[in-house]
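Chains, contacts and geometry: an overview
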Amino acid sequence: DASPTELLARTLDTDRRIERGDETRLFDELMRASTSKDSGALGITATLDALWMGDVQTLIVADALRLSGVECSNCGPLDASSPSRCPACQSLTRETHDLVHRAMARTREQGGRVEVFHGDLGRRLMQNAKGLAALLRFKAPLVETHVGGPRAESWRH
């Protein structure tokens, strides 16, 4: 007996509840993965390093996150600290006004998926991870930082 408008409203409400539940489960999985210190990256630097290594299975972004930075024109890492030269290869970097969207595109290019958290989960992600985190494909390596290489130890929070 419901009108099409009422059916649509009920369907959208159900869809939102399901999506919030999925996001909550994903957030909990991210917190467990980062606590185990081997399959999750929390924070901007750790997540961008994992992305450079091709290790991001799921990039998780707070909808409020706005970042600018640079991208190496030679070997590709993204960096929010905006060095003029790439720490890995010393090539010049180029400015990226929307580092978040560049990271999202890079994740998809590497076959990963992107989840954007809104509302309370977005705020929690901003508090716990400065708005950027990832579930990783592989366990983080047990390596020390070396000159010209990724900051792999930064994954281990």
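Heads up: the structure comes first, above all this text.
Residues numbered from 1 in each chain as written. Predicted model: local features only at pLDDT ≥ 70, side-chain atom pairs only at ≥ 80, totals over all residues. Heavy atoms only, no water.

A short note on the environment of Val 61
Rules: Secondary structure elements follow DSSP: runs of H or I no shorter than four residues count as helices, runs of E no shorter than two count as strands, and numbering proceeds from the N terminus. Here a residue-residue contact requires only that any non-hydrogen atoms of the pair lie within 4.5 Å.
Counting through the fold element by element, Val 61 comes out in strand E2 (residues 56-62). Between the C-alpha atoms of Val 61 and Met 104, which are 43 residues apart in sequence, the distance is 8.7 Å. Not counting the four nearest positions on each side in its chain, Val 61 is found in contact with Val 100, Met 104, Glu 115, Val 116, Phe 117, Leu 125, Gly 131 and Leu 132.

Here we look at the nonpolar core
Heads up, the condition is: Here, the term nonpolar core denotes a set of buried Ala, Val, Leu, Ile, Met, Phe, Trp, Tyr and Cys residues that are joined through side-chain atoms within 4.5 Å. Under the scheme applied here, a residue whose accessible area is under 20% of the maximum for its type counts as buried, over 50% as exposed, and between as partly exposed, the area being computed with a 1.4 Å probe on protein chains only.
Judged by nonpolar contacts, the single largest core of 20 residues is most densely connected at Leu 48, Leu 59, Val 61 and Leu 132. Among the secondary structure elements, those contributing two or more residues to this core are helix H2 (44-52), E2, helix H3 (99-109) and strand E7 (132-136). Residues in contact with Leu 59, not counting those within four places in the same chain, are Thr 47, Ala 103, Met 104, Thr 107, Arg 113, Val 114, Glu 115, Leu 132, Ala 133 and Ala 134. Membership of the second largest hydrophobic core comes to 14 residues, among which are Leu 26, Leu 42, Ile 60 and Leu 121.

Comments concerning the state of the cysteines
Counted only if it meets this: By convention in this document, the label disulfide applies to cysteine sulfur atom pairs within 2.5 Å.
Under the definition given, this model contains 0 disulfides. In this structure Cys 75 is a free cysteine whose sulfur lies 3.6 Å from that of Cys 86, the closest cysteine sulfur available. Free of any disulfide, Cys 89 has its nearest cysteine sulfur in Cys 72, 3.6 Å distant.

Points about the pairing of E7
The condition is simple: Two strands form a pair only when DSSP identifies at least two bridges running between them.
Burial analysis of E7 places 5 of its 5 residues in the buried class, the great majority of the element. Side chains Leu 132, Ala 134 and Leu 136 of E7 all project onto a buried face; the interleaved residues Ala 133 and Leu 135 project onto the opposite face, where all are buried too. In the sheet, strand E1 (residues 40-42) pairs with E7 via 3 bridges, with the strands oriented antiparallel. Considered in E7, the bridge of Ala 41 is made with Ala 134.

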